[in-house]
Amino acid sequence: MTEDELCNLELMEAGRLVQQRELSAVELTHALLRRIERLDARLHSYALVTPKTALAQASRADDEIRSGVVRGPLHGVPVAVKDLCDTEGIATASGMAIRKSHVPGRDATVVARLKAAGAVLLGKLQMTEGAMSTHHPSIAPPVNPWGEALWPGVSSSGSGVATAAGLCFGSLGSDTLGSIRFPSAMNGITGLKPTWGRVSRAGVFALAESLDHIGPMTRSAADAAAILGAIAGPDTDDPTALQAPVPDYLAGIDGGVRGLRVGIDRALNARADEDMVRVSDEACAVLARLGAVVRDVVFPSPDEVARDAVLLCAIEAAVSHEATYPARAAEYGPIFAAFLDTGRNVDASTFAKIHKRRAEFSGRLETRFREIDVLIVPALNKAGVTLAELSQKVADPSQARLARVRFTAPFDMSRNPALVLPGGKTAAGLPVSFQMIGRHLEEALLLRAGYAFQQATDWHRRRPPV
């Protein structure tokens, strides 16, 4: 196996090599660090690489494994985290010039749990300013490894690029309006937005407290299950973390989908482009061949709740930044500053109406899930989005933004789990993805369905031409 082939393995495959002592964690970490040094000057996926820390953790993992102690599937496997997750003694800038010198005194809960699982932390992954839609002007944005003219997705752009390009075996991202799912779709990887509260947000810099979700970005559903199993669960440092016990997400992941009720709203999906529609339909066909029952459903209109999500995000972001904005406005990028200004100027009546509509939408969606187990929707409105398309001036920017978040933001508002999977390609060979949406706390079912799909297809095994 060449070093490039090694770095492009799925997390579970790499973990087995280390835990069965066919390869040392130190050797594996050195391979990743060499690949980062070779490729990331062009891809810009890392905000900070921590080779000394990574090699020390890898050496410790090797010692433990030699002594017969295997902590689980992540033991000795190099991963990385989005740069809004606090790391003790390591700078955590959250994509912001104003926080570039911020060095936390303790780890975020998710980072501590990755360490407890024996994972090796390669470094911090680049992201948009404050986890919103654009990178700070002082930062070189990550480059999509499928093509430098392509959008890398936001805000977990570095996580998507690094995971796709073989610069880590898995990563953590955050999702407020679609920020795990956009970069997962654009980079052709598997991304899971868990149920809100399933994963602690303690020590994670907030964009919008009631919308933020932390989750894994990986190369397969099994890899996502392994990471979620390590980071999920109650946390005394986060009173909003759900108290429900954490299942073994890998146990039974190969149980198949026979009898699974899969819903699809073809009228809603038709509002995405032809590639997205085709891949969503083909995903249903694959699941049907595997024994699932596909049903046509009518989904509650997502437009109003998607618009509300953007405005609610602005309101809550203004609160998250009130200690430094507008007092230090000059240190913010112009687009993010304008977004915060929008949030600061929303009246109480509008805020209350947003929460009313959010509750109503969530209730209607819950009712739909009495008829189905999984909902299939496009990952976003268009495949192969280019940077040029995003920079074009349009008559109504709010409509363009709505089109982009129509298939993602509603599930941040409802807090349902969502799994993005690559399911096809465009005529130009670019990845096309779809989403599976599930009921609250049914990540195990989503991952089982995703695993079945990936056992029957090989889209998740395609790698970009870096």
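In what follows, the structure referred to is the one given above.
Before going into details, it helps to say that this report is about the structure given with it. In this numbering scheme, every chain counts its residues from 1 along its sequence in written order. Owing to the predicted nature of the model, reporting of local features is limited to residues with pLDDT of at least 70; listing and counting of side-chain atom pairs is limited to 80 or more, with chain, interface and lining totals taken over all residues. To get the side-chain values, take all heavy atoms of the structure and skip hydrogens and water.

1. Overview of the sheet that holds strand β2 (residues 78-82)
Part 1: In this description, strands pair whenever DSSP reports at least two bridges between them. Labels follow the DSSP assignment, with helices taken as runs of H or I lasting at least four residues and strands as runs of E lasting at least two, numbered in each case from the N terminus. Taken together, the 11 strands give an open sheet; going across it, the order is β1-β3-β2-β4-β6-β5-β10-β11-β9-β7-β8, and neighbouring strands pair in mixed fashion. Edge strands, defined here as strands with exactly one partner in the open sheet, are β1 (46-49) and β8 (293-296). The mean inter-strand angle of the sheet, taken between neighbouring strand axes irrespective of direction, is 30 degrees.
Part 2: One ladder, built from 3 bridges, connects β1 with strand β3 (residues 120-125); its direction is antiparallel. The residue bridging Val49 from the neighbouring strand is Gly123, located in β3. Fitted lines through C-alpha atoms serve as axes, helices being fitted only where they are in contact, and the angles separating the N-to-C directions of these axes extend from 0 to 180 degrees.

2. Some words on helix α8 (residues 221-231)
Part 1: Exposed residues in this analysis have more than 50% of their type's maximum accessible area, buried residues have under 20%, and partly exposed residues fall in between, with area computed by a 1.4 Å probe over protein chains only. In terms of burial, α8 is a largely internal element, 10 of the 11 residues being buried.
Part 2: Listed as buried for α8 are Ala221, Ala222, Asp223, Ala224, Ala225, Ala226, Ile227, Leu228, Ala230 and Ile231.
Part 3: Here, residues are in contact when the closest pair of their heavy atoms is within 4.5 Å. In this fold, the buried residues of α8 make contact with α2 (11-19), α5 (109-116), β4 (171-175), β5 (190-193), β6 (213-218) and α17 (443-456).
Part 4: Where α8 terminates, the next one or two residues include Gly233, which has phi positive at roughly 125 degrees.

3. Looking at helix α12 (residues 334-344)
Part 1: Regarding α12, the residues found buried are Phe336, Ala337, Phe339, Leu340 and Gly343. End-on view of α12: buried residues confined to an arc of 160 degrees, all on one side of the axis.
Part 2: In this structure, the buried side of α12 is in contact with α11 (303-320). Relevant arc is that of directions from the helix axis to the C-beta atoms, nothing else.

4. A look at the pattern of salt bridges
Part 1: The term salt bridge refers to a pairing of a side-chain nitrogen on Lys or Arg with a carboxyl oxygen on Asp or Glu at a separation within 4 Å. Counted under the stated rule, the structure contains 27 salt bridges.
Part 2: Note that Glu3 and Arg34 form a salt bridge whose closest N and O atoms lie 2.6 Å from each other. Of this pair, Glu3 sits in helix α1 (residues 3-7) while Arg34 sits in helix α3 (residues 25-43), placing them 31 residues apart in sequence.
Part 3: With a relative accessible area of 29%, Glu3 lands in the partly exposed category.
Part 4: With a shortest N-O distance of 2.8 Å, Asp296 and Arg266 are connected by a salt bridge. Residue Asp296 is found in strand β8, and its partner Arg266 is found in helix α9 (residues 266-269); the two are separated by 30 residues along the sequence.
Part 5: What emerges from the salt-bridge pattern is a single network uniting Arg261, Asp373, Arg439 and Glu442.

This is a description of form; function is not addressed.
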